[in-house]
Amino acid sequence: MARIIGALATSHIPAIGGAIAKGLEEDPYWKPFFDGFGPARDWIRREKPDVAIVFYNDHGLNFFLDKMPTFAVGAAPEYRNDDEGWGIPTLPPFKGAPDLSWAIINHLVDREFDIVTCQEMLVDHAFTLPIKLFWPEGGGPLTVPVCINTVQFPLPSAKRCVALGRAVGEAVAAWAGDKKVVMIGSGGLSHQLDGQRAGFINKPFDLKFMQSMIDEPEWAAQYSIHELVEKTGTQGIELLNWLAARAAAPGPVHKVHSNYHIPISNTAAGMLALEAA
Amino acid sequence: MSASREIFGTTPFDGAMAQRGYALNKMCFSFNNAANRAAFKADEEAYMRAYGLNDEQAKAIRGRDVLGLLAAGGNVYYLAKFAGILGLDVQDLGAAQTGMSKEAFKARLVAQNEQPETM
């Protein structure tokens, strides 16, 4: 049987890709961000998860407004990255886990989630950067991308994203594959790129949210999307991916490590590594 | 929606905006491709015509007017690809939208560290 070993979460600012490519981890601007990953990387080296299920949002690489699924699940043998238009390096393909993908898809539809399934799926920085950050030496895990629409309103509610995550966790726990699985939530924390409110950051909310991921994982699901945009910014809403990832690793957890740093680019950057207790 | 009280300086990218901005966003989405970026740079007007931008959108593209592009239905994730062509990052966009210099905008971000730690 598969075993869910915990949940990881990180912000996914595109500039991180440039910083990795240029080897800027020790640069004074970047060091407080990258240093936060050390204990999480040690934990991953020790635990060696075989598969990562990555909850993320596409920013206009695979999905455009012509077809915008609320939830999409990858079911491909590999996932390619590609040119996103702003010059961050394109990464080599990531291996999929189609057996697990279909186990998840079957279970989600059984649970009445009307998802889109993708046998071809380009993955953008929101998927690739967490893998690069948590597995810096390469040799990353097999992957299953789960894409949540945070681009075009109406967005799925936080409560619905928690339910999605929970159902993914059920599917993994019931999967016959003898693998260690880690959940990854990608995005956030508070930031807003657009409009006169650009630059908005909400440190007290972010810190409360990070703590809630440990001991009260549905705390943020009390808020509507509108309230979450108000509290976290139009892009801070990406915390939906964290909520889903945490719900997919149910039960008590203990914190391996956390890090919070303002700012990277326009974003309050958060990192969290949780081990299933 | 909870009869959405407005959030200052924020326009949720909803169905109305997605319809209004479709041509503009579609053009920006095309900038994922290097050949398309080159074609735009070679002849911006022809490229905008090919994607059917309306006058408001074309004017905002010509003027590099970020708030104008948002008002014309642009979504920031796609507009970021246009900004990439111009060699601008999201802090340039933030500065342009808030009427600050880039240095002042960056300083304001750093100053957010002074917020309290608890709600």
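A brief structural summary. Owing to the predicted nature of the structure, the values given are computational and were not obtained by experimental measurement.

Let's talk about the overall build of chain B
Okay, step 1: In terms of regular secondary structure, chain B is built from 9 helices and 0 strands.
Okay, step 2: Across chain B, helices and strands are ordered from the amino to the carboxyl terminus as α-α-α-α-α-α-α-α-α.
Okay, step 3: Oriented by its inertia axes, the alpha-carbon framework of chain B measures out at about 50 × 35 × 20 Å.
Okay, step 4: Taken over 119 residues, chain B has a buried fraction of 43%.

Some remarks on the overall build of chain A
Okay, step 1: A tally of regular secondary structure across chain A gives 9 helices and 10 strands.
Okay, step 2: Its C-alpha atoms give chain A a radius of gyration of 17 Å, within 12% of the compact-globule value 19 Å for 277 residues.
Okay, step 3: When the backbone C-alpha atoms are referred to their principal axes, chain A occupies close to 45 × 40 × 40 Å.
Okay, step 4: Burial status across chain A gives 64% buried among its 277 residues.
Okay, step 5: For chain A, the share of sequence-separated contacts (at least 6 apart) that also reach a separation of at least 24 residues comes to 80%.
Okay, step 6: Within the structure as shown, chain A displays about 9,500 Å² of accessible surface, and the carbon and sulfur contribution to it stands at 50%.
Okay, step 7: Charged side chains in chain A number 23 positive and 31 negative. The centres of these two groups are separated by 5 Å.

Details of the sheet that holds strand β7 (residues 142-148) of chain A
Residue and element names in this part refer to chain A.
Okay, step 1: The strand order β6-β3-β7-β2-β8-β1-β10-β9 describes an open sheet built from 8 strands, whose pairing is mixed. Each edge of the sheet is formed by a strand with only one pairing partner; in this case those strands are β6 (116-118) and β9 (253-264). When the angles between neighbouring strand axes are averaged without regard to direction, this sheet yields 15 degrees.
Okay, step 2: Relative to β6, strand β3 (residues 71-74) runs parallel, the two being bridged by 3 bridges. Paired with Ala-72 across the strands is Val-116, a residue of β6.
Okay, step 3: With respect to the sheet, helix α6 (residues 158-174) is in contact with β1 (3-10), β2 (51-56), β3, β7 and β8 (180-186), its orientation differing from that of β2 by roughly 165 degrees.
Okay, step 4: Lying over the sheet, helix α9 (residues 239-248) contacts β1, β2, β7, β8, β9 and β10 (267-276), oriented at roughly 160 degrees with respect to β8.

Brief notes about the interface of chain A and chain B
How big an interface is tends to be stated in terms of accessible area lost as the parts join.
Okay, step 1: Every contact between the two is made by 47 residues of chain A and, on the other side, 47 residues of chain B.
Okay, step 2: On the chain A side of the contact with chain B, Phe64(A), Gln196(A) and His226(A) bury the most area, a combined 17% of that side's loss.
Okay, step 3: The interface formed by chain A and chain B includes 3 salt bridges.
Okay, step 4: The partner of Arg5(B) in a salt bridge is Glu230(A), with the nearest N and O atoms 2.6 Å apart.
Okay, step 5: Applying the counting rule to chain A against chain B returns 20 residue pairs in polar contact (both at pLDDT 80 or more).
Okay, step 6: Every element with two or more residues in the side of chain A that touches chain B is listed here: α7 (203-215), α8 (225-232) and β9 of chain A.
Okay, step 7: Among the elements that line the side of chain A that touches chain B, the one with the most residues is α7(A), at 5 residues.

Comments concerning helix α8 (residues 90-98) of chain B
For an α-helix, 3.6 residues make a turn, and residues three or four places apart therefore share a direction.
All names here are of chain B.
Okay, step 1: Along α8, the positions that sit buried rather than exposed are Val-90, Gln-91, Leu-93, Gly-94, Ala-95 and Gln-97.
Okay, step 2: At the N-terminal boundary of α8, the capping side chain belongs to Asp-89, with an oxygen 2.9 Å from the backbone nitrogen of Gln-91.
Okay, step 3: Looking one or two places after α8, you find Gly-99, whose phi comes out positive at around 70 degrees.

Observations regarding the layout of surface pockets
Okay, step 1: When its volume is computed, the largest pocket comes out at roughly 710 Å³.
Okay, step 2: Taken together, 37 residues make up the lining of the largest pocket; nearest its centre are Pro14(A), Ala15(A), Ser265(A), Asp89(B) and Val90(B).
Okay, step 3: Among the elements of the structure, α1 (14-21) of chain A together with α7 (76-85), α8 and α9 (102-111) of chain B are those that each provide at least two residues to the lining of the largest pocket.
Okay, step 4: Among the elements that take part in the lining of the largest pocket, α7(B) stands out by supplying 5 residues, more than any other.
Okay, step 5: Along the lines of polarity and charge, the residues of the lining of the largest pocket split into 19 nonpolar, 13 polar and 5 charged.
Okay, step 6: Split by domain, the residues of the lining of the largest pocket number at least three in each of domain 1 (15-86) and domain 2 (89-119) of chain B.

Conventions adopted
- Residues numbered from 1 in each chain as written.
- Chains lettered and ligands numbered in written order.
- Predicted model: local features only at pLDDT ≥ 70, side-chain atom pairs only at ≥ 80, totals over all residues.
- Heavy atoms only, no water.
- Helix = DSSP H or I, 4+ residues; strand = E, 2+ residues; numbered from the N terminus.
- Buried < 20%, exposed > 50% of the residue type's maximum accessible area, 1.4 Å probe, protein only.
- Rg over C-alpha atoms; globule rule 2.2 N^0.38 Å.
- Contact = heavy atoms within 4.5 Å.
- Areas by Shrake-Rupley, 256 points an atom, 1.4 Å probe, with all protein chains shown as cover.
- Lys, Arg positive; Asp, Glu negative; His and termini not counted.
- Charge placed at Lys NZ, Arg CZ, Asp CG, Glu CD.
- Pairing = 2+ DSSP bridges.
- Axes fitted to C-alpha atoms, helices over the stretch in contact; angles between N-to-C directions.
- Buried area = accessible area lost by both parts, 1.4 Å probe.
- Salt bridge = Lys/Arg side-chain N within 4 Å of Asp/Glu carboxyl O.
- Polar contact = N/O pair within 3.5 Å; in protein donor to acceptor, adjacent residues only side chain to side chain.
- 1 Å grid on protein atoms, 1.4 Å probe; cavity = no way out; pocket = protein on both sides within 12 Å on 5 of 7 lines; lining within 4 Å.
- Points joined across faces, edges and corners; volume = space filled by probe spheres on them.
- Nonpolar A, V, L, I, M, F, W, Y, C, P; charged D, E, K, R; others polar.
- Domains from an automatic or database assignment.

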